[in-house]
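Working through the structure, step by step
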Amino acid sequence: QVQLVESGGGLVQPGGSLRLSCAASGNIFSIATMGWFRQAPGKQRESVAVMANGGSTNYADSVKDRFTITRDNAKGTAYLQMNSLKPEDTAVYSCNAVSLRAGAPVTYWGQGTQVTVSS
């Protein structure tokens, strides 16, 4: 089992920055990938940024060159640095981890943290 706790959301003006943190506990050494997803009101949840243990990353086109995901595998932490924020980045951001149990992937979610970009 893996538990995820996010922090760092809040209200920020357009053009501003925020840093989200995700702390995993439990069987963190089973984690293969960690990432961030978001869901805006009336929209489907979308992947924002994901990083595998080896360091490879995948970003949504809408956040490339603005957001950066980092991880500390040994500590089970993941961060999302968000710069040049836009109103359309407003959403609930959730931390995601995929672990491997007997070779089968198991997905875990945090509780989510609200990010609001508004003047």
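Here the structure is shown first, and the text comes after it.
Residues numbered from 1 in each chain as written. Predicted model: local features only at pLDDT ≥ 70, side-chain atom pairs only at ≥ 80, totals over all residues. Heavy atoms only, no water.

Further remarks concern unusual backbone geometry. A positive phi angle, close to 75°, is found at Asp65, a residue other than glycine. Summarising the element assignment, Asp65 is placed in the loop between strand 6 (57-59) and strand 7 (67-72). One non-glycine residue, Ser84, adopts positive backbone phi at about 50°. (Helix = DSSP H or I, 4+ residues; strand = E, 2+ residues; numbered from the N terminus.)

All chains considered together, the criterion is met by one disulfide. Covalent S-S linkage joins Cys22 and Cys95, the inter-sulfur distance amounting to 2.0 Å. On the S-S bond that ties Cys22 to Cys95, the torsion sits near -80°, and the link is left-handed. Taken together, the positions of Cys22 in strand 3 (residues 18-26) and Cys95 in strand 9 (residues 91-101) put the pair 73 residues apart, joining distant regions of the chain. For the residue pair Cys22 and Cys95, the accessibility class agrees, reading buried in each case. (Disulfide = S-S within 2.5 Å. Buried < 20%, exposed > 50% of the residue type's maximum accessible area, 1.4 Å probe, protein only.)

Side chains of strand 7 alternate between two faces, with Phe67, Ile69 and Arg71 buried and Thr68, Thr70 and Asp72 left unburied. Sheet topology note: the strand 7/strand 8 (residues 77-82) ladder contains six bridges and is antiparallel. Looking at the pairing, Asp72 lines up with Thr77 of strand 8. Counted along the chain from strand 7 to the antiparallel partner strand 8, the turn is four residues long, and its residue Gly76 has a positive phi close to 70°. (Pairing = 2+ DSSP bridges.)

Successive side chains on a regular strand alternate, one facing one side of the sheet and the next facing the other. Direction of pairing for strand 1 (residues 2-7) relative to strand 3: antiparallel, over a ladder of six bridges. Pairing of Val5 across the sheet is with Ala23, part of strand 3. As paired elements, strand 3 and strand 8 share six bridges and run antiparallel to each other. Residue Cys22 lies in a different strand from strand 8, and its bridge partner there is Ala78.

Another point: the environment of Val2. Structurally, Val2 can be placed in strand 1. Spatially, the C-alpha atoms of Val2 and Ala24 are 6.5 Å apart, while their sequence positions differ by 22 residues. The contacts of Val2, once residues within four sequence positions are left out, are Ala24, Ser25, Asn27, Ser30, Ile31 and Tyr108. (Contact = heavy atoms within 4.5 Å.)

So, about the side chain of Arg38. Looking at the element boundaries, Arg38 is found in strand 4 (residues 31-39). In terms of polar contacts, Arg38 uses its side chain to reach the side chain of Ser62, at 3.3 Å. Here the side chain of Arg38 touches Asp89 through a polar contact of 3.0 Å, side chain to side chain. Setting aside its immediate chain neighbours within four residues, Arg38 contacts Gln44, Arg45, Glu46, Val48, Ser62, Val63, Phe67, Glu88, Asp89, Ala91, Val92 and Tyr93. (Polar contact = N/O pair within 3.5 Å; in protein donor to acceptor, adjacent residues only side chain to side chain.)

In this section: the sheet that holds strand 7. Taking strand neighbours across the sheet as the criterion, the four strands line up as 1-3-8-7 in an open arrangement whose pairing is antiparallel. Only two strands of the sheet have a single neighbouring strand rather than two, namely strand 1 and strand 7. Sheet twist, expressed as the mean angle between neighbouring strand axes with direction ignored, is 15°. (Axes fitted to C-alpha atoms, helices over the stretch in contact; angles between N-to-C directions.)

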